[in-house]
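The primary structure of each chain is shown beneath.
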Amino acid sequence: ITGMMDEAITGYELETVRCEEVEFKQLNMLRESQWNIDGASAKAAAARKAALDASSAGSNIEGIKLPFLDKELFETIDKCKGQLSVLEVQLASVTSDMNALKPLFSTF
């Protein structure tokens, strides 16, 4: 009986050691998985931040620069229309002068 008890105790102790090793390996795998998840979460957070930064930069462009550029564009168009009117008057004057001078040059 003593031999059978010793064998049972030895088997129990071996099984306990084996279970502890399995538990240790599983805990290490869980820790490694948690680290991987934490790393992926950090990358996702950085990507969300970059997306939000890009979005707010786009909003700033739309909210600040576009109205300014629209205003500048319309001012430039108005300025060009004024210059075009002046150039059309000058062209009409030059055309009139050329028509008046044509008879003089045709005699040569």
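Every value quoted in this text rests on a predicted model; they were computed, and no experiment measured them.

> Break down the overall build of the chain for me, citing the residues and quoting the values.
Regarding its fold elements, the chain presents one helix and zero strands. Taken over 108 residues, the chain has a buried fraction of 0%. Counting only carbon and sulfur atoms, one obtains 66% of the accessible surface of the chain, whose full area is about 9800 Å².

> Give a detailed account of the pattern of salt bridges, specifying residues and quantitative values.
As enumerated under the stated definition, the model contains three salt bridges in all. In this structure, lysine 49 and aspartate 53 form a salt bridge, with 2.8 Å as the shortest nitrogen-oxygen distance. Here aspartate 53 and lysine 49 lie together in helix H1 (residues 2-106), a separation of four residues that amounts to about one turn. Residue aspartate 53 is classed as partly exposed on the basis of its relative accessible area, which comes to 40%.

Conventions adopted
Residues numbered from 1 in each chain as written. Predicted model: local features only at pLDDT ≥ 70, side-chain atom pairs only at ≥ 80, totals over all residues. Heavy atoms only, no water. Helix = DSSP H or I, 4+ residues; strand = E, 2+ residues; numbered from the N terminus. Buried < 20%, exposed > 50% of the residue type's maximum accessible area, 1.4 Å probe, protein only. Areas by Shrake-Rupley, 256 points an atom, 1.4 Å probe, with all protein chains shown as cover. Salt bridge = Lys/Arg side-chain N within 4 Å of Asp/Glu carboxyl O.

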